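Structural description and commentary
The residues making up each chain are set out below.
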Amino acid sequence: MAEKNTELADFLRRARSQGDASRAGLPADGRVRRVPGLRREEVAFLAGVSTDYYARLEQGRRIVPSSSVVDAIGRALGLDQAGRAHLADLIGLSTASVQPRTRPVQRVRPGLYQLLDALGGVPVLVLGRRADVLAQNRMGRALFTDFERFPAPRRNYARWMFLDDGARSLFVDWEEQARAAVENLRLEAGNDPADRATAALIAELREASAEFGDWWAEHRVYQRTYGSKRLRHPVVGDLTVEYETLALPGDPDTMLYVYSAEPGSPSQRVLSLLASWSLTATPGPAAS
């Protein structure tokens, strides 16, 4: 219980420190701000609650705000949709006794493997909970890495990003991509704090990577459903790929990440070259 309250308090403090009084529409009071962000009384004012109430919440006291108060605090702090969802998860945990549990192993349907083969011209990754890599097609292996060479329990995108030297050299914008992995994992940990595998992964990465530990402590959450990645591929050279995420109906824990390049761009030509190379370099079906 104390740990959950600490998580909530830490998240609120960090969110408040990143607030902007002028953008929040607060009147200038003539006082010099010695630290960045919003004051507690300003968050309380914007949320329509007393300063004492908000202060006790930020101190990790056992308070159970209503959903309307949670929404108001989220707006006062300027949180985006992912941040507000994370705040709601943390506050919802303050009264619940959450017992650690092991969730069933995720499986990929045969029809999904067929789809991966059909999308052979573009890289595709299938990610499950905590960014476990459940499957990939031939182009996915060629662009990133062959996750099937790892033992099944260790096929995880975030683990690869932080602990594999190949990932660090592959991404030109490695820090940006690594921070995104932390923020997504932080959001998932808030959604399901009882999952043993998620807790074990976080503990492993905090111990093995100082960068992960530092960025985890920032308590940032963000859910990216599209974006771009800049790569320096060891075989075909530099390229930029765009990605879109597709949720599977009936299976919200499984996401398809589909990568492509702008039509007619140098990156598309490089991606086509990679496709030709992959036909001989990575033979075989999409997954074993």
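These remarks concern the structure in this document. (Residues numbered from 1 in each chain as written. Predicted model: local features only at pLDDT ≥ 70, side-chain atom pairs only at ≥ 80, totals over all residues. Heavy atoms only, no water.)

Turning our attention to the packing of helix 5 (residues 81-92) against helix 10 (residues 174-191). Contact geometry for helix 5 and helix 10: axes closest at 8 Å, N-to-C directions at 35°. Judged by the sense of rotation from one axis to the other, the crossing of helix 5 with helix 10 is left-handed. Residues Ala82, His86 and Asp89 of helix 5 form the contact with helix 10, whose own contacting residues are Arg186, Leu187, Gly190 and Asn191. For the contact of helix 5 with helix 10, the per-class residue count stands at 2 nonpolar, 3 polar and 2 charged. (Axes fitted to C-alpha atoms, helices over the stretch in contact; angles between N-to-C directions. Helix = DSSP H or I, 4+ residues; strand = E, 2+ residues; numbered from the N terminus. Left-handed = near helix turned anticlockwise from the far one by under 90°. Contact = heavy atoms within 4.5 Å. Nonpolar A, V, L, I, M, F, W, Y, C, P; charged D, E, K, R; others polar.)

On to the sheet that holds strand 2 (residues 133-136). Strands sit in the order 2-1-5-4-3 across an open sheet of 5 strands; the sheet is antiparallel. Since the sheet does not close on itself, it has two edges, and those belong to strand 2 and strand 3 (226-233), each with one partner. On average, each strand axis in the sheet is inclined to that of its neighbour by 25°, with strand direction left out of account. Where helix 6 (residues 110-118) meets the sheet, it contacts strand 1 (124-127), strand 2, strand 4 (237-248) and strand 5 (251-260), and its direction lies at approximately 45° from that of strand 2. Those strands touched by helix 13 (residues 266-281) are strand 3, strand 4 and strand 5, and its axis lies near 80° from that of strand 4. (Pairing = 2+ DSSP bridges.)

Below, the discussion takes up helix 3 (residues 51-58). The α-helix winds at 3.6 residues per turn, so residues separated by three or four positions along the chain end up facing the same way. All of the buried residues in helix 3 are Tyr53, Tyr54, Ala55, Leu57 and Glu58. Just beyond helix 3, the residue with positive phi is Gly60, at close to 85°. (Buried < 20%, exposed > 50% of the residue type's maximum accessible area, 1.4 Å probe, protein only.)

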